[in-house]
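Examination of the molecular architecture
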Amino acid sequence: MSPQAVRPSTATAAPTAVAPTALAATTTQGVTNQGAAQGTTAGATAGTITAVTAVPAVTAAPATGTGTTPASTAPASAVTTAEPTRTARTALAPATPAPAAAPPPAAAPHAPAVPDSEGQPGPTAALPGLPRALTTRARTLAGAVRKRCADLARIESPSGDAPRLDALAEELAAGFRATGATVQREPGPAGDHLVLQWDGRDESLPHLLVVGHHDTVWPAGILTDWPVTEQDGTLSGPGVVDMKGGLAILEGAFALLADLGQRPHRTVRLVVVSDEEVGSPDGRRLVERQLRGAGAVLGLEPPHPDGRLKTARRGSTRVRLTVTGREAHAGNDATQGVSAVDELVDQLVAVRGLASLPGTELNAGRISGGTRANVIAGRAEAELGLRFATTEAQRRTLDNLARLTALRPGARVRTEVLSSRPAWPERSANPLLRHVRSLAAALGQPLDGGPAGGAGDTNLPGSRGLPTLDGFGAVGAGAHARHEHIRIDQLAPRIALLAAMLAVPLPRLRDRSEG
């Protein structure tokens, strides 16, 4: 079934796409969804949703030692004052303004809290009825989140294309702002980044940091021959799984909490960078800044194809290898020239040997050089992608690359690190994963985690020992490939899981963390 047509919003659109409406409820028209099987009714207005199934609001027990919700103490540098929601758009938000604090729920039967792996009361014990409420509302919102993901994918956002990235940043900012976020645009050399914040019920606690990105590996114009399509229970298109699905799911999770009259348990900050697919050379500074004082870090990258979260990542480094030679006529004066292309080829053979160290993988991703067949090439370069299982393998390989020297008289070789992420090693004790598994069990979801081969912005906190998990995005497969897709039936479970992560107190994850 083809996605619904996109109604333009007031956001500035990318040159080849129309900015979609965001997910919101400003009327009581119903929900666009997959059908009655998910407990929803098709709405008459595209992009306009509200929950159909009535679920009592739930109220969290106050944190120990806090009787009232303190005023916001967020640093001024982290956020700006929320801008008014644009009246010409809709966003995924409650149909009516949520009350400041929901009344305690009536004593109604509810599923008992599921004990954790150590036999202790489950994490939702302080929030009676929360698992059922989250699961029901997530099903209600799943259709709108699916449409939101499709609409975001129709706004092309290749890395390095600042106008298109900025158009998408504006659309994302408007959608998250409608769920209660304050938004700050952070200029970057290749497109604006976003830093967003939602105040928590207990602002004395360390904040929860969520990291994501809105750039993709796909070039502008890809939608011409690969449109966003829905069939056989999947949504396919450029960037749907990496990672516009994750951004749509998070927007849905915040909308779900607002619909229940809830706020996150602690302050949540979200960093959305515009250059993740090229190693976050500029966006890294924003992630680094928000790590200070964070109690835990979550990533919106897709999980493993089977839905498992990502508990470790290999390190990654992009290296540019540049060779300078000397141009000459390839027929008359060949001996006077020094071929940069020939030198580069020989250097790549040598580099492959250097990269054969245990725990190291090399991909020569791009090669260019020379001008014409009858001219000895005066310049050539290659962009290399390296992956490392350990920090030691990363250090040794990069040291070897820095010491490369020319093999031909008259040639020069230069090695430049374009971006680098440290290895995030697997750890035997993982209380954050144990907490998420317990939450998932309360929601009726089997869930586990395992290390991943790719790298991302969670490498940085993970490598430093901060409690970190990645893979909270859309379940699917095919990132960076033409079969990229997400599973529609897994949207509701992911919305509920993320909403639970936001609403439920974290256990003690390390000595410095509280709550």
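Throughout what follows, the structure given in this document is the object of discussion. Along every chain, residues carry numbers that run from 1 in the direction the sequence is written. Only residues with pLDDT of at least 70 are given local features in this predicted model, and only at 80 or more are side-chain atom pairs given and counted; all residues enter the totals for whole chains, interfaces and linings. Side-chain numbers come from the whole structure's heavy atoms, not from hydrogens or water.

1. A closer look at the pairing of strand β11 (residues 379–388)
- At least two DSSP bridges between two strands are required for those strands to pair. Secondary structure counts use DSSP, requiring at least four H or I residues in a row for a helix and at least two E residues in a row for a strand, with both numbered from the N terminus. By the bridge criterion, ten bridges tie strand β9 (residues 315–324) to β11 in an arrangement that is antiparallel. Along β11, the bridge assignment pairs threonine 317 with leucine 386.
- Two strands pair when backbone bridges link them, and strand β10 (residues 360–369) and β11 are joined in this way by nine bridges, in the antiparallel orientation. Across the sheet, asparagine 363 pairs through a bridge with glycine 385, a residue of β11.

2. Section: the pattern of salt bridges
- Salt bridges, as used here, are contacts in which a Lys or Arg side-chain nitrogen is within 4 Å of a carboxyl oxygen on Asp or Glu. This model, assessed by the stated rule, comprises 32 salt bridges.
- Aspartate 192 is the salt-bridge partner of arginine 185, the closest N and O atoms lying 3.0 Å from each other.
- Only protein chains enter the area calculation, which uses a 1.4 Å probe; residues under 20% of their type maximum are buried, those over 50% are exposed, and those in between are partly exposed. Here aspartate 192 falls in the buried class, since its relative accessible area comes to 15%.
- The closest approach of N and O atoms between glutamate 416 and arginine 320, which form a salt bridge, is 3.0 Å. Of this pair, glutamate 416 sits in strand β12 (residues 412–421) while arginine 320 is found in strand β9, placing the two residues 96 residues apart along the sequence.
- Among the charged side chains, a network of salt bridges with common partners joins Arg318, Arg366, Arg379, Glu381 and Glu383.

3. With respect to the packing of helix α2 (residues 162–177) against helix α3 (residues 240–259)
- In the contact formed by α2 and α3, the axes pass within 10 Å of each other and the chain directions differ by 20°. In terms of orientation, α2 lies roughly parallel with respect to α3. Between α2 and α3 lies a crossing of left-handed hand. Contact residues: Leu168, Leu172, Gly175 and Phe176 in α2; Lys244, Leu247, Leu250 and Glu251 in α3.
- Class assignment for the residues of the contact of α2 with α3 results in five nonpolar, one polar and two charged. Think of each axis as a best-fit line through the C-alpha atoms, taken over the contacting stretch in the case of a helix, with angles from 0 to 180 degrees between the N-to-C directions. Reported orientations rely on four angle classes, namely roughly parallel under 35 degrees, roughly antiparallel over 145, roughly perpendicular from 65 to 115, and oblique for the rest. The hand of a helix crossing depends on one turn: near helix anticlockwise from the far one by less than a right angle means left-handed, and clockwise means right-handed. Contacts between residues were defined by any pair of non-hydrogen atoms, one from each residue, lying within 4.5 Å. Each residue is assigned to one of three groups, with Ala, Val, Leu, Ile, Met, Phe, Trp, Tyr, Cys and Pro labelled nonpolar, Asp, Glu, Lys and Arg labelled charged, and all others, Gly among them, labelled polar.

4. Observations regarding helix α4 (residues 284–291)
- What α4 keeps buried is the set Leu286, Val287, Gln290 and Leu291. Projected down its long axis, α4 carries its buried residues within an arc of 140°, all on one side.
- For α4, the elements touching its buried residues are β1 (182–186), β2 (193–198), β3 (207–213), β6 (268–273), β7 (294–299) and α8 (459–463). The arc under discussion is defined with respect to the helix axis, by the directions toward the C-beta atoms.

5. Concerning the layout of surface pockets
- Volume-wise, the largest pocket comes out at about 940 Å³.
- For the largest pocket, the lining is made up of 39 residues, of which Glu277, Arg387, Gly454, Ala455 and His480 are closest to its centre.
- In terms of residue class, the lining of the largest pocket is built from 13 nonpolar, 13 polar and 13 charged. Site definitions follow a grid-based scheme: protein atoms alone, a 1 Å grid, a 1.4 Å probe that fits but cannot get out for cavities, and for pockets an open set with protein on both sides within 12 Å along at least five of seven lines, plus lining residues having an atom within 4 Å of a point. Grid points are joined across faces, edges and corners, and a volume is the space filled by probe spheres set on the points.

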